[in-house]
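Architecture and fold: a report
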Amino acid sequence: MTKVTMTVNGKTVSGEVKGNTLLTEFLREDLRLTGTHVGCDTSQCGACVVHVNGEAVKSCTMFAAEADGAEVKTVEGMANADGSLSVIQQAFQDYHGLQCGFCTPGMVMSAAALLKDNPKPTEAEVRDYLEGNICRCTGYHNIVRAIMAASGQDVPAVAAE
């Protein structure tokens, strides 16, 4: 067992993990932060995206021990300090960028990473950035609209692709 300590959503946390414990497992099972979803365990779906030291990471591909000393942000840490929804979360609600909700935490975290690096993306850039996230329900149109709205841009009539 290895002791890991990291800052998760602004709070310092520690735990004992086996060498093969994935970050998703540590977050969900040890810390009970169940917003980070496990959809595929193969790094294809993006439901497990979290931010590690400010970068979007598929947490099913990272060992918990690799995050020792890191700053980790999960979807539970996305809300504003007063508990209200962040701009991105509110846009997902306003533009119905979800359906069953399973992929939503990963989409929100990916959207936040995109908008940090590219505050005013085009529709094509949003779609390209989301290629690592799978949604089986929405067809992506409302997700793209939500991200465009969160960027402060006019929301286009998103073309079916």
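Residues numbered from 1 in each chain as written. Predicted model: local features only at pLDDT ≥ 70, side-chain atom pairs only at ≥ 80, totals over all residues. Heavy atoms only, no water.

1. Things to note about the overall build of the protein
Scanning the protein from N- to C-terminus turns up five helices and five strands. Element order for the protein, N to C, with α for helix and β for strand: β-β-α-β-β-β-α-α-α-α. Taken over the C-alpha trace, the protein has a radius of gyration of 16 Å; the compact-globule value for 161 residues is 15 Å, and the two agree within 12%. Structurally, the protein occupies a C-alpha span of about 50 × 35 × 25 Å along its principal axes. Across the protein, contacts joining residues at least 24 apart in sequence account for 53% of those joining residues at least 6 apart. Total accessible area on the protein stands at roughly 8100 Å², and carbon and sulfur atoms take up 48% of it. Charge centroids of the protein, computed over 12 positive and 19 negative side chains, lie 4 Å from each other. (Helix = DSSP H or I, 4+ residues; strand = E, 2+ residues; numbered from the N terminus. Rg over C-alpha atoms; globule rule 2.2 N^0.38 Å. Contact = heavy atoms within 4.5 Å. Areas by Shrake-Rupley, 256 points an atom, 1.4 Å probe, with all protein chains shown as cover. Lys, Arg positive; Asp, Glu negative; His and termini not counted. Charge placed at Lys NZ, Arg CZ, Asp CG, Glu CD.)

2. Comments concerning helix H2 (residues 87-94)
Residues Ile88, Gln89, Ala91 and Phe92 constitute the buried set of H2. Take H2 and look down its axis: the buried residues cluster within an arc of 160°, on one side only. Across H2 from its buried face, at more than 90 degrees, point the exposed residues Val87, Gln93 and Asp94. After H2 finishes, the residue histidine 96 shows a positive phi value of roughly 50°. (Buried < 20%, exposed > 50% of the residue type's maximum accessible area, 1.4 Å probe, protein only. Arc of directions from axis to C-beta.)

3. Looking at the sheet that holds strand S3 (residues 49-52)
Pairing is mixed in the open sheet, where five strands are placed in the order S2-S1-S5-S3-S4. Here the strands that pair on one side only, and so sit at the sheet edges, are strand S2 (11-17) and strand S4 (55-58). Within this sheet the neighbouring strands show an average axis-to-axis angle of 40°, counted without direction. Most of the contacts of helix H1 (residues 23-30) go to S2, to which it runs at about 105°, and overall it touches strand S1 (2-8), S2, S3 and strand S5 (71-73). Against the sheet, helix H3 (residues 104-117) engages S3, S4 and S5, with an angle of about 40° to S3. (Pairing = 2+ DSSP bridges. Axes fitted to C-alpha atoms, helices over the stretch in contact; angles between N-to-C directions.)

4. What about the domain arrangement of the protein?
For the protein, the domain assignment lists domain 1 (2-76) and domain 2 (87-150). Distance from the C-alpha centre of domain 1 to the C-alpha centre of domain 2: 21 Å. For the pair domain 1 and domain 2, the summed buried surface comes to about 1200 Å²; carbon and sulfur atoms form 59% of the total. Interface area lost by domain 1 to domain 2 is led by His37, His51 and Val75, which between them contribute 36%. Counting across the domain 1 and domain 2 interface gives one salt bridge. Note that glutamate 55 and lysine 116 form a salt bridge whose closest N and O atoms lie 3.7 Å from each other. Our enumeration of links across domain 1 and domain 2 arrives at seven residue pairs in polar contact (both at pLDDT 80 or more). The set of elements that each furnish at least two residues to the side of domain 1 that touches domain 2 consists of S3 and S4. Grouping the amino acids of the side of domain 1 that touches domain 2 by side-chain chemistry returns seven nonpolar, eight polar and three charged. (Domains from an automatic or database assignment. Buried area = accessible area lost by both parts, 1.4 Å probe. Salt bridge = Lys/Arg side-chain N within 4 Å of Asp/Glu carboxyl O. Polar contact = N/O pair within 3.5 Å; in protein donor to acceptor, adjacent residues only side chain to side chain. Nonpolar A, V, L, I, M, F, W, Y, C, P; charged D, E, K, R; others polar.)

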